[in-house]
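Summary of structural features
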Amino acid sequence: MITRRFALSLVAGSAFVQMAKAEPLETLSGTVTYRERMALPAGAVLTVQLEDISRADAPAITLAESRQDILRPGPIAYTLRHPALKSGFRYALRAEIRVGDTLLFTTEGFHGPDQPNILVHRVSAPAASSPYGTWSVQALDGKPLEPTARKPVLTLNQNGRVSGFGGCNRLMGHAVIKGNTIRFAPMAMTRMACIGSGMVIESHFVKNLEDVRSWSIGQRGELTLNSQSGIAMIVLTSSNIDSQKL
């Protein structure tokens, strides 16, 4: 008769054998880089996958995946833990950067496991042809904002209504747009106090809005708000994604 203790020892022994048979995972490390000298929106996430693409008539099989928030510009290090790669099989690395469901950067061409340092390419977006829409401030007086700064956001509606975020407070107001001329009325704002650079950026941004007299769209779709003499006061990029929690 099999005792309870003997049965438990059989189960434990079987589990040990199964663990011994499990294949050890291997490590693949590399970096992901993009050429553009730009700060990514808050909430940007890097995903890197190692896929088995051996079968042309079947979907790729994901063997390992790494996901991480992007906190600073520059090469982004990643590490994948994956099963041993088999001779005669074909594998590929794929990387992408998203904010929510919006794809910003992705790999182009083939990257094998022997090419762990990946260059991702920016996904082209339709160029804007008017100043209407939601925009994220990238530079004030020709000086880019710090990557870690909360960037002001500006929404221009065709009825002239203006709303957004100054870096610390919500703002709302009105603008008159005729052709390529634009003039902002004084903004109404909430009155929150913020620590860090938010208040300084906000004060600079609101002051520059008062001096804006014209707008233009650049080759890359950026919106530039200019002074009476044509000096670029504010440079913004399209912000259809909710990169700032207003």
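Residues numbered from 1 in each chain as written. Predicted model: local features only at pLDDT ≥ 70, side-chain atom pairs only at ≥ 80, totals over all residues. Heavy atoms only, no water.

Within an unreviewed UniProt entry, the label attached to the chain reads Heat-inducible protein, and the organism entered is Gluconobacter cerinus.

1. Brief notes about the state of the cysteines
All chains considered together, the criterion is met by 1 disulfide. Sulfur-sulfur distance for the disulfide between Cys 168 and Cys 194 comes to 1.8 Å. Its S-S torsion of about 90 degrees marks the bond between Cys 168 and Cys 194 as right-handed, since a negative value means left-handed. One end of the pair, Cys 168, is in the loop between strand S11 (161-165) and strand S12 (170-178); the other, Cys 194, is in the loop between strand S14 (188-189) and helix H2 (198-211), with 26 residues separating them in the sequence. (Disulfide = S-S within 2.5 Å. Helix = DSSP H or I, 4+ residues; strand = E, 2+ residues; numbered from the N terminus.)

2. Regarding the pairing of strand S2 (residues 44-52)
Within a regular strand, the side chains alternate between the two sheet faces. Extensive coverage of S2 is indicated by the burial of 9 of its 9 residues. The side-chain alternation of S2 yields two buried faces, one formed by Ala 44, Leu 46, Val 48, Leu 50 and Asp 52 and the other by Val 45, Thr 47, Gln 49 and Glu 51. Here S2 pairs with strand S5 (residues 91-99) via 9 bridges, running antiparallel. Paired with Glu 51 across the bridge in S5 is Ala 92. Of the strand pairs in this sheet, S2 and strand S3 (residues 61-69) are connected by 8 bridges, and their pairing is antiparallel. If you follow Asp 52 over to S3, its bridge partner there is Ile 61. (Buried < 20%, exposed > 50% of the residue type's maximum accessible area, 1.4 Å probe, protein only. Pairing = 2+ DSSP bridges.)

3. Thoughts on the environment of Ala 232
Among the secondary structure elements, Ala 232 is positioned in strand S17 (residues 232-238). Remark: the alpha-carbon pair of Ala 232 and Trp 215, spanning 17 residues in sequence, is separated by 9.1 Å. Beyond its immediate sequence surroundings of up to four residues, Ala 232 is in contact with Asp 141, Gly 142, Thr 224, Leu 225 and Asn 226. (Contact = heavy atoms within 4.5 Å.)

4. A look at the pattern of salt bridges
Tallied over the full model, the rule gives 5 salt bridges. The partner of Glu 51 in a salt bridge is Arg 94, and the shortest N-O contact between them spans 3.4 Å. Here Glu 51, found in strand S2, pairs with Arg 94, found in strand S5; they are 43 residues apart in sequence, far enough to count as distant. For Lys 207, the salt bridge is made with Asp 211, and the minimal N-O distance between the two is 2.9 Å. Of this pair, Lys 207 and Asp 211 are both found in helix H2, 4 residues apart, which corresponds to roughly one turn of the helix. You can call Lys 207 partly exposed: its relative accessible area is 44%. A relative accessible area of 30% means that Asp 211 is categorised as partly exposed. A network of salt bridges, in which partner residues are shared, links Glu 51, Arg 94, Glu 96 and Arg 98. (Salt bridge = Lys/Arg side-chain N within 4 Å of Asp/Glu carboxyl O.)

5. A word on the packing of aromatic side chains
Across all of its chains, the model carries 2 aromatic pairs by this definition. Measuring from centroid to centroid gives 6.4 Å for Phe 89 and Tyr 91, while their planes differ by 20 degrees, and the two rings are stacked. The class for Phe 89 is partly exposed, based on a relative accessible area of 42%. We classify Tyr 91 as buried; its relative accessible area is 8%. The ring of Phe 110 has Arg 90 lying over it, and the distance from NZ or CZ to the ring centre is 4.6 Å. (Phe/Tyr/Trp six-rings, centres within 6.5 Å; stacked < 30°, edge-to-face > 60°. Lys NZ or Arg CZ within 6 Å of the ring centre and 35° of its normal.)

6. Digging into unusual backbone geometry
Excluding glycine, a negative phi dihedral is what most residues carry, and trans is how most peptide bonds are arranged. For Asp 141, which is not glycine, the phi dihedral falls at a positive 55 degrees. Exposure remark for Asp 141: the relative accessible area of 36% places this residue in the partly exposed category.

7. Section: the pairing of strand S10 (residues 153-156)
Along S10, one buried face is formed by Val 153 and Thr 155 and the opposite face, lined by Leu 154 and Leu 156, is buried too. Here 4 bridges tie strand S8 (residues 133-140) to S10, and the two strands are oriented antiparallel to one another. When the sheet's bridge partners are listed, Ser 136 is paired in S10 with Val 153. Taken together, S10 and the strand that follows it, S11, pair antiparallel across an intervening segment of 4 residues, in which Gly 160 is found at a positive phi of about 95 degrees.

8. A short note on the nonpolar core
Counting residues in hydrophobic clusters, the biggest one holds 24 residues, and the most contacted among them are Leu 154, Phe 184, Phe 205, Leu 225 and Ile 234. Mapped onto this core, the elements with two or more residues apiece are S8, S10, S12, strand S13 (181-184), H2, strand S16 (223-226) and S17. The element best represented in this core is H2, accounting for 4 residues. Setting aside residues up to four positions removed in sequence, Leu 225 forms contacts with Leu 154, Ile 182, Phe 184, Leu 209, Val 212, Ser 214, Trp 215, Ile 231, Ala 232, Met 233, Ile 234 and Leu 236. Grouped together as the second largest cluster of nonpolar side chains are 22 residues, Ala 44, Ala 64, Ala 95 and Ile 97 included. (Core = buried A, V, L, I, M, F, W, Y, C linked by side-chain atoms within 4.5 Å.)

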